[in-house]
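# What the coordinates show
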Amino acid sequence: MNANEPGQPAVHDSSARAVTLDLQVPSSALAIGAHPDDVEFGCGATLAKWAAHGCVVHHLVCTDGSKGTWDPTADTARLAGQRRHEQREAARRLSGGNTGTVTFLGYVDGELDSGLEQRRRVAEVIRTVQPDVVLGHDPWKRYRIHPDHRHAGLLACEGVVAARDPHFFADLGIAHHRPAALLLWEADEVHHVEDVSGFVDVKVDALHAHESQFESTMRAIDPEQMAAFDDRIRSRLAGHGSRYGVGAAEVFARIDDL
Ligand SMILES: [Zn+2]
């Protein structure tokens, strides 16, 4: 049964759903993040694993990341340029020769919306790169307060719907495309686990490409703090892993009846 079919009763016992382990490695994937660095935090090790097995990894970043600093006197246009550079470097570190496109929608950091215009642009990217799997923020994560993460998550979901159906945005002139699966990180409810044993170091290395975020997001401005940051990432993935019987894991909500 298609879980997205209209008119279905509510599911009262979500724990009844079995957690799945490891998708078949897709031939291409598109990860959609609100800001430069969100993709690496959310699914970097999974992308690194897939890329190592031949998957072409595309990135789509919705905002310009121009508010990602604690310095009130920062040149935010310059910061946005630096963050584009950092994102391209992070993508290269994750997937090497299997790096696909890195697209920036360029909406102002902190002001992302999920209206028709934004949905159209996300659908255009999905139709253009034709990913087997789309990954994004879980927009239904409870008590989330950053609006960009919520809107970027909605755009990933609603962008898939618009991309798959031929009469949505037909004027784009690009054939519709239906991905096989949608994985949402920061999952409010975990349905799927990717075993990322052996790929945690790649994720950490890619996160280190975001040098502009060392002070604010990562709170790592000296080697000791950087080591503590690395430990936090490693222990988080190890914690997920031990819960699901693998060495290290990233976890997702999974929608695959697209
Ligand atoms: Zn973010």
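The present account deals with the structure reproduced in this document. Everything numeric in this text was worked out from a predicted model, so none of it was measured. What you see as residue numbers is a count from 1 along each chain, following the sequence as written. Under the rules for a predicted model, residues below a pLDDT of 70 receive no local features and side-chain atom pairs below 80 are neither given nor counted, while totals for whole chains, interfaces and linings still include all residues. Hydrogens and waters are ignored; side-chain quantities use all the structure's heavy atoms.

### What about the coordination of the zinc ion?
For Na, K and Ca the donor cut-off is 3.2 Å, and for all other metals it is 2.8 Å, counting N, O and S atoms only; because water is absent from this set, sites may look incomplete. Only His 35 (ND1), Asp 38 (OD), Asp 38 (OD) and His 149 (NE2) from the protein coordinate the zinc ion, and they sit 2.1 to 2.3 Å from it. Irregular is the default label, applied whenever a site is not tetrahedral (four donors, all angles between 85 and 135 degrees) and neither square planar nor octahedral (four or six donors, opposite donors over 155 degrees apart, all other angles between 65 and 115). Angles of 57 to 139° at the metal separate the 4 donor atoms of the zinc ion, which places the site in the irregular class. Sequence positions of the donors to the zinc ion reduce to the motif H-x2-D-x110-H. A residue pair is termed long-range when its members are at least 10 positions apart, and Asp 38 in helix H1 (residues 38–52) and His 149 in helix H4 (residues 147–164) qualify at 111 residues. Put simply, DSSP H or I for four residues or longer makes a helix, DSSP E for two residues or longer makes a strand, and each gets a number counted from the N terminus.

### Section: the pattern of salt bridges
Take a side-chain nitrogen of Lys or Arg and a carboxyl oxygen of Asp or Glu: if they are within 4 Å of each other, that pair is a salt bridge. On inspection of all chains with the given rule, the structure shows 15 salt bridges. The closest approach of N and O atoms between Arg 120 and Asp 171, which form a salt bridge, is 2.9 Å. With a gap of 51 residues between them, Arg 120 in helix H3 (residues 116–129) and Asp 171 in the loop between H4 and strand S6 (181–185) connect regions that are remote in the sequence. The classification of residues rests on relative accessible area computed with a 1.4 Å probe and restricted to protein chains. Under 20% of the type maximum is buried, over 50% is exposed, and intermediate values are partly exposed. With relative accessibility at 28%, the residue Arg 120 sits in the partly exposed group. Accessibility expressed as a relative area gives 57% for Asp 171, which makes it exposed. Residue Glu 186 is joined to Arg 144 by a salt bridge in which the shortest nitrogen-to-oxygen separation is 2.9 Å. With Glu 186 in the loop between S6 and strand S7 (192–195) and Arg 144 in the loop between strand S5 (133–137) and H4, the pair connects residues that are 42 residues apart, well separated along the chain. Salt bridges linked by common partners bring Glu 89, Arg 92, Arg 93 and Asp 205 together as one network.

### Focus on the pairing of S7
Pairs of strands are assigned from DSSP output, requiring at least two bridges between the strands. Two strands pair when backbone bridges link them, and strand S1 (residues 20–21) and S7 are joined in this way by 2 bridges, in the parallel orientation. Following the sheet pairing, Leu 21 is matched in S7 by Val 193. For S7 and strand S8 (residues 249–255), the ladder comprises 4 bridges, and the chain directions are antiparallel. Residue pairing for S8: His 192 is matched across the bridge by Phe 252.

### As for the state of the cysteines
Working definition of a disulfide: a covalent bond connecting the sulfur atoms of two cysteines. What counts as a disulfide here is a pair of cysteine sulfur atoms lying within 2.5 Å. Following the criterion strictly, the structure yields 0 disulfides and no others. Cys 62 forms no disulfide, and the closest cysteine sulfur to it belongs to Cys 157, at a distance of 12 Å.

### Details of the sheet that holds strand S4 (residues 99–107)
Hydrogen bonds along the backbone pair up the strands of a sheet, which may run parallel or antiparallel. Spatially, 8 strands are ordered S1-S7-S8-S6-S5-S2-S3-S4 in an open sheet, and the strand pairing comes out mixed. A strand with exactly one partner marks an edge of an open sheet, and here the two such strands are S1 and S4. One ladder, built from 5 bridges, connects S5 with S6; its direction is parallel. Bridging across to S6, His 137 finds its partner in Trp 185. Whether two residues touch is decided by their heavy atoms; if any such pair falls within 4.5 Å, the residues are in contact. Note on geometry: axes are C-alpha line fits, over the in-contact stretch for helices, and angles between N-to-C directions span 0 to 180 degrees. Sheet strands touched by helix H2 (residues 76–95): strand S3 (56–63) and S4. Its angle to S4, the strand with the most contacts, is close to 155°.

### A look at unusual backbone geometry
The phi dihedral of Asp 22 falls on the positive side, at around 60°, and the residue is not glycine. Residue placement: Asp 22 occurs in the loop between S1 and strand S2 (28–33). The phi dihedral of Arg 219 is positive, around 50°, even though this residue is not glycine. Inspection of the secondary structure puts Arg 219 in the loop between helix H5 (200–207) and helix H6 (223–244).

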